[in-house]
Protein chains: 4
Amino acid sequence: MDYVYGPGRNHLFVPGPVNIPEPVIRAMNRNNEDYRSPAIPAMTKTLLEDVKMIFKTTTGTPFMIPTTGTGAWESALTNTLSPGDRIVSFLIGQFSLLWIDQQQRLNFNVDVVESEWGQGANLEILAEKLASDHTHTIKAICIVHNETATGVTNNLATVRKLLDHYRHPALLLVDGVSSICALDFRMDEWGVDVALTGSQKALSLPTGIGLVCASPKALEASKSAKSVRVFFDWNDYLKFYKLGTFWPYTPSVQLLYGLRAALDLIVEEGLDNVIARHSRLGKATRLAVEAWGLKNCTQKEEWYSDTVTAVLVPPYIDSTEIVRRAWKRYNLSLGLGLNKVAGKVFRIGHLGNLNELQLLGCLAGVEMILKDVGYPVKLGSGVAAACAYLQNTIPMIPSRI
Amino acid sequence: MDYVYGPGRNHLFVPGPVNIPEPVIRAMNRNNEDYRSPAIPAMTKTLLEDVKMIFKTTTGTPFMIPTTGTGAWESALTNTLSPGDRIVSFLIGQFSLLWIDQQQRLNFNVDVVESEWGQGANLEILAEKLASDHTHTIKAICIVHNETATGVTNNLATVRKLLDHYRHPALLLVDGVSSICALDFRMDEWGVDVALTGSQKALSLPTGIGLVCASPKALEASKSAKSVRVFFDWNDYLKFYKLGTFWPYTPSVQLLYGLRAALDLIVEEGLDNVIARHSRLGKATRLAVEAWGLKNCTQKEEWYSDTVTAVLVPPYIDSTEIVRRAWKRYNLSLGLGLNKVAGKVFRIGHLGNLNELQLLGCLAGVEMILKDVGYPVKLGSGVAAACAYLQNTIPMIPSRI
Amino acid sequence: MDYVYGPGRNHLFVPGPVNIPEPVIRAMNRNNEDYRSPAIPAMTKTLLEDVKMIFKTTTGTPFMIPTTGTGAWESALTNTLSPGDRIVSFLIGQFSLLWIDQQQRLNFNVDVVESEWGQGANLEILAEKLASDHTHTIKAICIVHNETATGVTNNLATVRKLLDHYRHPALLLVDGVSSICALDFRMDEWGVDVALTGSQKALSLPTGIGLVCASPKALEASKSAKSVRVFFDWNDYLKFYKLGTFWPYTPSVQLLYGLRAALDLIVEEGLDNVIARHSRLGKATRLAVEAWGLKNCTQKEEWYSDTVTAVLVPPYIDSTEIVRRAWKRYNLSLGLGLNKVAGKVFRIGHLGNLNELQLLGCLAGVEMILKDVGYPVKLGSGVAAACAYLQNTIPMIPSRI
Amino acid sequence: MDYVYGPGRNHLFVPGPVNIPEPVIRAMNRNNEDYRSPAIPAMTKTLLEDVKMIFKTTTGTPFMIPTTGTGAWESALTNTLSPGDRIVSFLIGQFSLLWIDQQQRLNFNVDVVESEWGQGANLEILAEKLASDHTHTIKAICIVHNETATGVTNNLATVRKLLDHYRHPALLLVDGVSSICALDFRMDEWGVDVALTGSQKALSLPTGIGLVCASPKALEASKSAKSVRVFFDWNDYLKFYKLGTFWPYTPSVQLLYGLRAALDLIVEEGLDNVIARHSRLGKATRLAVEAWGLKNCTQKEEWYSDTVTAVLVPPYIDSTEIVRRAWKRYNLSLGLGLNKVAGKVFRIGHLGNLNELQLLGCLAGVEMILKDVGYPVKLGSGVAAACAYLQNTIPMIPSRI
């Protein structure tokens, strides 16, 4: 029935889908409803308003599309660009690779800026490209805020600064799939034109909503963008927004109620506290990795990700075996190394609705697995390092003071 | 919190989303899971196998795409056709209209065959077109099996007969959104090339899976189809089917477990019994409508739909008021009249996981509402007519004999 | 897995356990919690306060005991009486019979006042007994407010009047299992000393909480009551109430959260509206029974119950067969005739979180079953009679106006 | 709404109520049902059969009473004993104290054998009492298998040996509340006459079922036992067992379905594996305590409990502050020290549906809290000690090999 029952709770530490809070599971535990009744539009209105908060935008227009992150990518691109448009895109890991693959298949002229996996986007090359693009042939910059495959966070503020410095009108399209609602992300302040995430990431819902937010400039661009689109067309949404019924086709009411509950929890905790919690969990994880004597796949501190840590294993160990063993023996779900780093890294996702003791259980598990596969870890070392940091920094739970 | 709580259960009689059985709600009541663990592929494999049953195909290849019916349409079209391709499409109501709109926006050359709303697809015109298309310019026939807006079921067997008669190689693409798993649908026997439905219809799940099934001929066509597609591309799925991991991007594990439970229930009841139950509910509804002295929007018996009944109201009544009142006073959700029949019809959806007494409660409600809005119905008349039929035809519940 | 799955929802019309509203099911869908954390006492405090509302008392002290109605009975008796105490108790049906059986086994001196099943408590005999009891040998009057087996509601106001008239100090112990939160019940106004109900009745929760409310006089009596008791002892509760931890032993936190949600729904609907709804459903059911040409087991209108209707069947029909058939063919759960009225009556429970269309579905089902078993009912007749009344009386759902 | 939401999952490590497995939460997520339909008796029959497994009995008769552990105690005593009967009872901690209090209030003649808290039952004194009781005035031995307040497991095999050695016919009544389904418990082999537990303990359900199992000798004793009882009377159950309807009053169908799911999980894991898992978790916890330099409240290894560890804190620390802090800062629920050991111990419950990584998260949390309150713990030390043991002993999850 459940295929893989193991005693106790599964420890879910893949970088998405992530743990769903109990109140959200409860909110979604319901029969279907007529989405054309007055109730669903009334709730949708509050959702659209509150979703802006997690993008940190007041001027953006959000779309909650029944799709995945891949669909959200497609929505961002096809609504703002025309076939043949030149775009600059950064290849720094598996997910940026997949997005670039999509960009190429959608017939854009993709100017790929590649970095070694483990490094961030090469913004010097971006600077050069912008500097030399006097005729503004570059229509958009596409960048993942956080590359989930390598645990690299790019510096979006710098991207904006470069665009401003060169007074370049290119659109800034940001994949925030593993960042938004977990890392510091500022749509308005950084002049992001399209930002997107998926419900199963830091929002801590099931898969099923691709959240896409468009700046006024992006909306304007959508009027002339010639890419073929129907399901992903913002225009259909905008038409129904005006009508006040909001939905061009059937949404999942369960996910809408779930999103309502998820946003309520974020408001209760405070978005800045949510981000601080991710920062704490990220730092604790890195301290453990260091204590184990292992290397972070991320090559420089400036790119360290607070939502996922990709851990490099010694050459004599196959990281796939670590992930397999985690699941088979410890009921622990870790992320595989993907593509170029397959076998070389395993990943600890520490995003979404998660607390410190959950992470420490995971870290203790990783220590045992490392020993299982022949790495001479000192048991307890990573947990000790993480605890030393956490014990000084965990705040009281506000509602319990 | 729930926006619109009313005492007792909501009576959900829109033609989708429909009532979810309790065992399915239970199956989906769960935390997220790593979809790359061995468990999800193992379950996915059983789903793909069992989904074929509801399409009545052994040779088809199913895709369970995280999308809605609109997305399933787009998947069917873009994977099999190229821009500019001539397709024959039947306009008989709002949903066929929307599909045609999509076909046009996807740049196909749509040969629209229009019928009066309330009539089925004009197959005589199809015959003429096929007869005269010696060079096989028609690449596909697009037809909704059941037009949800008017309660009209088209005769797919005849479509197939015509294609065979004229030895025409056009693909047969069928929207089975409000038919598959409720009406008699035979993908292999009728030579359907792409059939599709949505999880929130007769499968009785939440919205979120667009089920698309492709014949070998459709798969072959997909190799040369030039329509731009990424998210909806079958090829990505096929690649992962071969790898045995099945998912090119993140599915909703909740919906997968829900689909597993839904299919198990269908197997337990027996697909033919499910279809017979829909036939019974459809007939009972039509008998009630007749007893009320009202007309079915569907103009001929051959087109009567067993999943939705569109009821014509007298000119002095606004059907919108009936739907509004149903919700505000009786906690009953009925379907609005759409577009051309707005204000003129209201719709009773009787598909999905539903039994006779649920329907009779709805019919009793409709009688009171009709009286509310000034129609001189004889209270009890529709229920009496439906009961007279049902009391003779309801079978024992097999598991309880 | 579910033993008896039938398509569609089960129509639950036994007079308890009753349908649980979706928001309550959701509220209980949760892991265990430490009941000694500050959270549970904080919630318990609100529950004890709000539970008084459903008893209509401001001076009573409620106890929420992890037990059933039978346990609540035992709690009421053993906390207020001593072995050998004379009590007057009314035997009018199966549940008063069971309570009397308990009273006797607990060694009270039970003065049974029997009525024909279908009649209410014989208050004339009570008057006589009170009139002649100059030495106040009667320590308590035990009476069911609503006898669930026969659908008879006793007149508690008259009982109080008699006690006052004869200035008799006997305690008034009331079984409100199938009345409280559904019928007009006024603990303070009617001078009820102990009132009790079970969570699975009109409160619309699962079984598991026996709610007992004690007047100051009952609490006083508990100080000298010599009946042996530990689990049911109010004193243990009172000790923990003072400590502010509230629970002498482990409660079900799921039921506490469920009760919180149930009370919130009652507040939202308004207790008087809840009672009015039950009155409407009771009347509608009786009109249907009359239209079918059948007799109510309840012999006089003054005793008609708005929570359960016991329907007498003609001698040539076995009512057990009606109940069996309801379940086997229609997925409808009706109440059996019990003990003296076994085979002679079937019962329609119309209490708890229920609305009119649910009832009408049930009534339509009963009509078909009556025909199944050979009773010459005119199909639709009962529904018509009920609808004629309901269509004039159902109010708008306040939150939807 | 949830009163005390904290980010991430609550870490529930009180020695009951314990964590409920997701499949069990799902199984209970349902509407009420008519418990007199054929479905509930059919399921009840399987439950009664399978419940024997967790008691390790083939000759016992189980009762699933809608009550708590306190009610189960009362049921065990009142069904087998008469007021004034002499019973030997061991006082070794708060829960044996409460049981003795109940025994005294039920008017038994309780011969209390007291031990220091932290020690097991003094079986030498039992031997003396049995040796000198030539006239068999002792009617029952009452003993807790596992004292939850101090983490002491008594040796039941020795109790049986003594009874056999002295050929003493006293009944052996065992409180297995925090042992059965977690520790090695053998009803038949050890000649236990009444064994009992509560659903919220190792069975990992919500509170609400008191499971009591009676040997043939205990059933025989119940025929002459004169203690007053109604709600807790086995005889009412036996009457309904014979009728095949099983329930003298309304059970919670949610708990029955939950128990079904819980038993299925135990069968899947294997009861011996469940017990081995508890042994592993108990040992790991004790190793951590030792590494922290703290003492176990349990004074000798022979009494070590594998379901709960009571940890003694240094005199300068208030253990209550540890529990408070755990909850307020770490979302961790620990057990308080009770009565004599209040302020002196805190308790880690490690029973029920729990796995190693969950425990390690808890242990890491305890380390931080110890530091918070001024105890000079070496962070990571306890986790390291536990991991060193666990890494060698955790088996593969059978369903995942």
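Residues numbered from 1 in each chain as written. Chains lettered and ligands numbered in written order. Predicted model: local features only at pLDDT ≥ 70, side-chain atom pairs only at ≥ 80, totals over all residues. Heavy atoms only, no water.

Q: Would you mind going over the interface of chain D and chain B with me for this structure?
A: It is common to report an interface's size as the accessible area lost on association of the parts. Of the residues lining the interface, 8 residues belong to chain D; the matching set on chain B comes to 8 residues. Where chain D abuts chain B, roughly 740 Å² becomes buried across the two surfaces, and 41% of that area is made up of carbon and sulfur atoms. Between chain D and chain B we count 0 salt bridges in total. At the junction of chain D with chain B, the criterion picks out 4 residue pairs in polar contact (both at pLDDT 80 or more). Considered class by class, the residues forming the side of chain D that touches chain B number 2 nonpolar, 2 polar and 4 charged. (Contact = heavy atoms within 4.5 Å. Buried area = accessible area lost by both parts, 1.4 Å probe. Salt bridge = Lys/Arg side-chain N within 4 Å of Asp/Glu carboxyl O. Polar contact = N/O pair within 3.5 Å; in protein donor to acceptor, adjacent residues only side chain to side chain. Nonpolar A, V, L, I, M, F, W, Y, C, P; charged D, E, K, R; others polar.)

Q: I keep staring at helix 10 (residues 271–291) of chain C and nothing clicks. Help me out?
A: For the α-helix, the turn length of 3.6 residues means that residues three or four positions removed from each other point alike. Spanning 21 residues, helix 10 of chain C covers 30 Å between terminal C-alpha atoms, matching the ideal 30 Å at 1.5 Å per step. After helix 10 of chain C finishes, the residue Gly293 of chain C shows a positive phi value of roughly 80°. (Helix = DSSP H or I, 4+ residues; strand = E, 2+ residues; numbered from the N terminus. Expected span 1.5 Å × (residues − 1).)

Q: In this structure, what is going on with unusual backbone geometry? I would like to understand it.
A: Of all residues except glycine, most have a negative phi; of all peptide bonds, most are trans. Residue Pro17 of chain A follows Gly16 of chain A across a cis peptide bond; omega there is 0°. Positive phi is not limited to glycine here, since His136 of chain A has a value of about 55°. Phi angles above zero are rare outside glycine, and Cys181 of chain C is one such case at about 80°. Looking at where Cys181 of chain C falls in the secondary structure, it is placed in the loop between strand 8 (171–175) and strand 9 (194–198). Relative accessible area serves as the criterion here: at 2%, Cys181 of chain C is assigned to the buried category. (Buried < 20%, exposed > 50% of the residue type's maximum accessible area, 1.4 Å probe, protein only.)

Q: Explanation requested: the environment of Arg324 of chain D in the structure shown.
A: Residue and element names in this part refer to chain D. As for its position among the elements, Arg324 is in helix 11 (residues 319–330). On the basis of relative accessibility, which here comes to 41%, the residue Arg324 falls in the partly exposed class. Residues Arg324 and Asn31, spaced 293 residues apart in sequence, show a C-alpha to C-alpha distance of 36 Å.

Q: In this structure, what is going on with the interface of chain C and chain B? I would like to understand it.
A: Chain C puts 58 residues into the contact, and the matching count from chain B is 57 residues. For the pairing of chain C and chain B, the buried interface totals around 5,100 Å² over both sides, and the portion due to carbon and sulfur atoms is 57%. For the interface between chain C and chain B, the tally reads 0 salt bridges. At the boundary of chain C with chain B, the tally comes to 25 residue pairs in polar contact (both at pLDDT 80 or more). Those elements that provide at least two residues to the side of chain C that touches chain B are helix 1 (22–28), helix 9 (253–269), helix 11 (319–330), helix 12 (356–372) and helix 13 (381–393) of chain C. The dominant element in the side of chain C that touches chain B, judged by the number of residues it contributes, is helix 12 of chain C, at 10 residues. Its residues assigned to classes, the side of chain C that touches chain B shows 29 nonpolar, 15 polar and 14 charged.

Q: Which parts of the structure should I look at to understand the side chain of His278 of chain C?
A: Residues and elements named next belong to chain C. Note that His278 resides in helix 10. A relative accessible area of 0% means that His278 is categorised as buried. Only 2.9 Å separates the side chain of His278 from the backbone oxygen of Val274, close enough to count as a polar contact. Residues within four places of His278 in sequence aside, it is in contact with Cys181, Ala182, Asp306, Thr307, His350, Leu351 and Gly352.

Q: I tried to follow the sheet that holds strand 3 (residues 86–91) of chain C on my own but got confused; where do I start?
A: Strands pair in a sheet through their backbones, by hydrogen bonds, and they do so in one of two ways: parallel or antiparallel. All names here are of chain C. The strand order across the open sheet formed by 7 strands is 2-10-9-8-5-3-4, and the pairing between neighbours is mixed. With one partner strand each, in any of the chains shown, strand 2 (61–65) and strand 4 (109–114) form the two edges of the open sheet. Between one strand and the next, the sheet's axes are offset by a mean angle of 20°, whatever the strand orientation. On the sheet, helix 2 (residues 39–55) packs against strand 2, strand 9 and strand 10 (210–214) and is oriented at approximately 110° with respect to strand 2. (Pairing = 2+ DSSP bridges. Axes fitted to C-alpha atoms, helices over the stretch in contact; angles between N-to-C directions.)

Q: What's the story with the UniProt feature "binding site: substrate" (unreviewed entry) in chain A in this structure? I'm lost.
A: Residues and elements named next belong to chain A. As recorded in UniProt, the sites labelled "binding site: substrate" (unreviewed entry) are Arg347. Take Arg347: its relative accessible area is 3%, and that puts it in the buried class. Within the structure, Arg347 has its side chain in polar contact with the backbone oxygen of Thr148 (distance 2.8 Å). (UniProt positions renumbered as here; feature names shortened; annotations may be inferred.)

Q: What is the right way to read the state of the cysteines from this model?
A: In a disulfide, the sulfur atoms of two cysteines are held together by a covalent bond. For the coordinates displayed, the defined rule picks out 0 disulfides over all chains. We note that Cys387 of chain C lacks a disulfide partner, and the nearest cysteine sulfur, in Cys387 of chain B, lies 11 Å from it. For Cys387 of chain C, a relative accessible area of 0% translates into the label buried. Of the cysteine sulfurs around Cys362 of chain D, a residue in no disulfide, the closest is that of Cys387 of chain A, at 12 Å. A residue is classified by how much of its surface remains accessible, and Cys362 of chain D, at 0% relative accessible area, is buried. (Disulfide = S-S within 2.5 Å.)

Q: I keep staring at the relation of the copies chain D and chain B and nothing clicks. Help me out?
A: You can overlay chain D on chain B at an RMSD of 0.0 Å; the transform is a turn of 180° with a shift of 0.0 Å along its axis. Given the turn and translation reported, the copies of this chain are related as if by a two-fold rotation axis. Closest approach to the rotation axis within chain D is made by the C-alpha atom of Arg26 of chain D, at a distance of 2.6 Å. With an isologous cut-off of 70% or more, the 100% of interface residues of chain D that recur at the interface of chain B puts this contact in the isologous class. (Least-squares fit on C-alpha atoms with pLDDT ≥ 70 in both.)

Q: Sorry, what's going on with the side chain of Thr197 of chain B here?
A: All names here are of chain B. As for its position among the elements, Thr197 is in strand 9 (residues 194–198). A relative accessible area of 1% means that Thr197 is categorised as buried. Polar side-chain contacts of Thr197 include one of 3.5 Å to the backbone oxygen of Gly176. A polar atom in the side chain of Thr197 sits 3.1 Å from the backbone oxygen of Val177. Ignoring sequence-local partners within four residues, the contact set of Thr197 consists of Ala72, Gly176, Val177, Ile180, Ile209, Gly210 and Leu211.

Q: Explain the environment of Ala364 of chain C to me, please; I cannot follow it from the model alone.
A: Tracing the sequence through the fold places Ala364 of chain C in helix 12. Distance from Ala364 of chain C to Arg286 of chain C, taken between C-alpha atoms, is 14 Å for residues 78 residues apart in sequence. Contact partners of Ala364 of chain C, with chain neighbours within four places excluded, come to Leu360, Val383 and Cys387 of chain B together with Val383 of chain C.

Q: I'm lost on the pattern of salt bridges in this one. Help?
A: When charged atoms on two side chains of opposite charge get close, those side chains can pair. For the coordinates displayed, the defined rule picks out 105 salt bridges over all chains. For Asp272 of chain D, the salt bridge identified is with Lys56 of chain D, shortest N-O distance 3.3 Å. Linking Asp272 of chain D in helix 10 (residues 271–291) with Lys56 of chain D in the loop between helix 2 (39–55) and strand 2 (61–65), this pair joins segments that are 216 residues apart in sequence. The exposure class of Asp272 of chain D is exposed, given its relative accessible area of 53%. In the salt-bridge network here, residues are joined through shared partners; they are Lys56, Asp184, Arg186, Glu189 and Asp272 of chain A.

Q: Please explain the sheet that holds strand 14 (residues 345–349) of chain A as it appears in this structure.
A: Residues and elements named next belong to chain A. One open sheet holds the 3 strands; their spatial order is 11-12-14, and the pairing between them is antiparallel. Either end of the sheet is taken by a strand with one partner, and the two such strands are strand 11 (295–296) and strand 14. By the bridge criterion, 2 bridges tie strand 11 to strand 12 (residues 308–312) in an arrangement that is antiparallel. Note on strand 12: the bridge partner recorded for Asn296 is Val311. On the sheet, helix 10 (residues 271–291) packs against strand 11, strand 12 and strand 14 and is oriented at approximately 10° with respect to strand 12.

Q: How should I be thinking about the domain arrangement of chain A in this particular structure?
A: All names here are of chain A. Looking at the assigned domains, one finds that chain A contains domain 1 (11–18 + 270–400) and domain 2 (22–267). Centre-to-centre, using C-alpha coordinates, domain 1 lies 27 Å away from domain 2. Across the contact, 29 residues belong to domain 1 and 32 residues belong to domain 2. Note on domain 1 versus domain 2: buried area summed over both sides is about 2,400 Å², and carbon and sulfur give 58% of it. In this assembly, domain 1 and domain 2 are joined by 2 salt bridges. The shortest N-O distance in the salt bridge between Lys340 and Glu114 comes to 3.5 Å. One can count 18 residue pairs in polar contact (both at pLDDT 80 or more) joining domain 1 with domain 2. For the side of domain 1 that touches domain 2, the secondary structure elements donating two or more residues are helix 10 and strand 12. (Domains from an automatic or database assignment.)

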